[in-house]
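Architecture and fold: a report
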Amino acid sequence: MTSVSYGLDVLAEAVIDLGAIAHNTELLLRAAGGAELMTVVKADGFGHGAVPVARTALAGGATWLGVATPGEALDLRAAGIDAPVLLWLYPPDHDFGPVLAAGVDVSVADVSVLKAVAADAVKTGRPASVHLKADTGMSRGGAVPSEWLRLLEAARGLEEDGAVRVTGLWSHLATAEDTTDAGLHEQIRRFADFRRAAQTAGVLAPLIHLANSAATLHLPQTRHDLVRTGIALYGIEPVPGRIFGLSPAMTVRARVVSVSGSLAQIPLGFADGIPWRVAGRASLQLHGVRVPIAGRITMDEVVVDIGDLPVQPGDVAVMLGPGTSGEPTAADWARWADTNPHEILTGIGPRVVRRYLSHSDLAAR
Ligand SMILES: *Cc1c(COP(=O)(O)O)cnc(C)c1O
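What comes next is a walk through the structure. Think of each chain on its own: its residues are numbered from 1, step by step along the sequence as written. Reporting in this predicted model follows two pLDDT cut-offs: at least 70 for local features of residues, and 80 or more for side-chain atom pairs to be given and counted; totals over whole chains, interfaces and linings ignore these cut-offs and use all residues. Processing note: side-chain calculations cover all non-hydrogen atoms of the structure and skip hydrogens and water entirely.

**Considering the overall build of the chain**
We count a stretch as a helix when DSSP gives it H or I for four or more residues in a row; a strand needs E for two or more, and each element gets its number in order from the N terminus. When helices and strands are counted, the chain shows 12 helices and 17 strands. Dimensions of the chain along its principal axes, counting C-alpha atoms only, are 75 × 45 × 40 Å. Buried residues are those whose accessible area, probed at 1.4 Å on protein chains only, stays under 20% of the maximum for their type, while exposed residues exceed 50% and partly exposed ones sit between those limits. Across the 365 residues that make up the chain, the buried fraction comes to 51%. Residue pairs in contact within the chain that sit at least 24 positions apart in sequence constitute 66% of those at least 6 positions apart. Surface accessibility of the chain: about 15500 Å² in total, with carbon and sulfur atoms responsible for 55%. Contacts are residue-level and defined by heavy atoms, with any inter-residue pair within 4.5 Å sufficient. Only the protein chains shown count as cover for residues, and all accessible areas are computed by the Shrake-Rupley method using a 1.4 Å probe.

**A word on the packing of helix 1 (residues 18-32) against helix 3 (residues 50-59)**
The axes of two packed helices give the description: the angle between them and the distance between them. Running from amino to carboxyl end, helix 1 crosses helix 3 at an angle of 45°, the nearest separation of the two axes being 9 Å. Relative to helix 3, the element helix 1 is oriented oblique. Helix-helix and strand crossings are classified by hand; for helix 1 and helix 3 the assignment is right-handed. Residue-level inspection shows Leu18, Ile21, Ala22 and Thr25 of helix 1 in contact with helix 3, the latter providing Pro52, Val53, Thr56 and Ala57. As a working rule, the residues Ala, Val, Leu, Ile, Met, Phe, Trp, Tyr, Cys and Pro are called nonpolar, Asp, Glu, Lys and Arg charged, and the rest polar, with Gly in that last group. Class assignment for the residues of the contact of helix 1 with helix 3 results in six nonpolar, two polar and no charged. To get an axis, fit a line to the C-alpha atoms, keeping to the stretch in contact for a helix; angles then go from 0 to 180 degrees between the N-to-C directions. Roughly parallel covers angles under 35 degrees, roughly antiparallel covers those over 145, roughly perpendicular covers 65 to 115, and oblique covers all other angles. Helix crossings fall into two classes, left-handed where the near helix is turned counterclockwise from the far one by less than a right angle and right-handed where it is turned clockwise.

**Regarding the packing of aromatic side chains**
Each aromatic pair joins two rings of Phe, Tyr and Trp (for Trp, the six-membered one) with centres within 6.5 Å, and gets the label stacked for planes under 30 degrees apart, edge-to-face for over 60, and tilted for any other angle. Tallied over the full model, the rule gives five aromatic pairs. Aromatic side chains Phe46 and Tyr234 sit 4.7 Å apart centroid to centroid with 20° between the ring planes, which places their arrangement in the stacked category. In this pair, Phe46 is assigned in helix 2 (residues 42-46) and Tyr234 in the loop between strand 9 (226-229) and strand 10 (250-255), connecting sequence segments 188 residues apart. Looking at Tyr234, the relative accessible area reads 1%, which means it is buried.

**A word on the environment of Trp148**
Position of Trp148 relative to the elements: it lies in helix 7 (residues 145-161). Residues in contact with Trp148, not counting those within four places in the same chain, are Leu132, Lys133, Ala134, Ala143, Leu169, Phe194, Ala197 and Ala198.

**Examining the pairing of strand 13 (residues 283-286)**
Two faces belong to every sheet, and in a regular strand the side chains alternate between them. Because side chains alternate across strand 13, one face comprises the buried residues Ser283 and Gln285, and the other comprises Leu284 and Leu286, equally buried. For two strands to be treated as a pair, DSSP must find at least two bridges joining them. As paired elements, strand 13 and strand 14 (residues 289-294) share four bridges and run antiparallel to each other. Residue Leu284 lies in a different strand from strand 14, and its bridge partner there is Val291. Counted along the chain from strand 13 to the antiparallel partner strand 14, the turn is two residues long, and its residue His287 has a positive phi close to 55°. Bridge count between strand 13 and strand 16 (residues 316-320): two bridges; the pairing is antiparallel. Residue pairing for strand 16: Leu286 is matched across the bridge by Ala317.

**As for the site of the ligand**
Neighbouring the ligand are 14 residues, the closest being Lys42, Ser213, Arg228, Gly230 and Ile231. In the model, an oxygen atom of the ligand is placed 3.4 Å from a nitrogen or oxygen of the Trp88 side chain. Taking Ser213, its side chain carries an N or O atom lying 2.5 Å from an oxygen atom of the ligand. Across the complex, the protein chains shield 93% of the 390 Å² of accessible surface that the ligand would expose by itself. Here the residues of the shell around the ligand sort into five nonpolar, six polar and three charged. In these notes, residues near a molecule or strand are those with any non-hydrogen atom within 4 Å of it. Polar contacts, as used here, are pairs of N or O atoms within 3.5 Å; protein pairs need one atom able to donate a hydrogen and one able to accept it. Residues neighboring in sequence count only if both atoms are side-chain atoms.

Dropping the structure here:
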């Protein structure tokens, strides 16, 4: 990574290695064992940029994109991406017209929302493609068993009317990384019950999906027809103690602004994603070695203790990267901040300039 030149006149940048995204896509497709691959690009592609990540993953064989919000779905369409997109989080009383007109699939977990989607679809003049969501135990916006039966019945009626098409039946696992968790096995068992109920009700969706990154990689029985991968696509190993060979795609670097004695000023603060609570624990990398953050973390900058390293203003400090050259990783920051790597990656702020390495840049290195 040090052979990549620094962007001109930039304080801090996040270099996104699209070659790593392509590698992770290939690895996940292989792990999916014949299931289709949905690339989850919510929260601006976990901070990496939804559109470049989506394009790279689709070119590598992913067939679906997953987003949380309607705005995220419409941003993909505005960029000219016409691959199937699933959306699962929207306000009460949402007007589904714009996303339906854009051909976006909608997750639905109760009858009243299904009816609203169907009514908006009729206005749009094309059937809505919906994925019915079951609550298998995560308790985050799925249908519980009694609602599930009513939902199936309503969906079948609306399918007959031509207002909706049930494309998917799905749920989300809360603890897929931990096979010792009894709740995980209970969720898998309940999902089978929900599927059986759908069969009995005559709702035959082509896509059954349950697995996130961790489940895709180590729980083959959860892969079904489609897997939804987020964190692994960005190169973070999702199962503690196991290495699948993923490549972290993001490197965050900043230029030393000034040096005073043994202290160097680095223009990365909590607004840029250095968690405030890592004070006293975290280090950056400068001149190939780790330098601890000294003193307080402010909104715009931190100070690091460089000892007697011959650091000059303009030298490049690395906050996080793949870890292959001794720099800290997103997993290290997660440990220091008592959180998960998802929060570290999505916390990299908007003024850290995103810069993309394409496959050809990598080949030229
Ligand atoms: C965020 C999200 C994912 C991706 O999960 P990872 O653990 O990052 O792979 C998959 N499905 C849904 C519904 C999500 O919200």
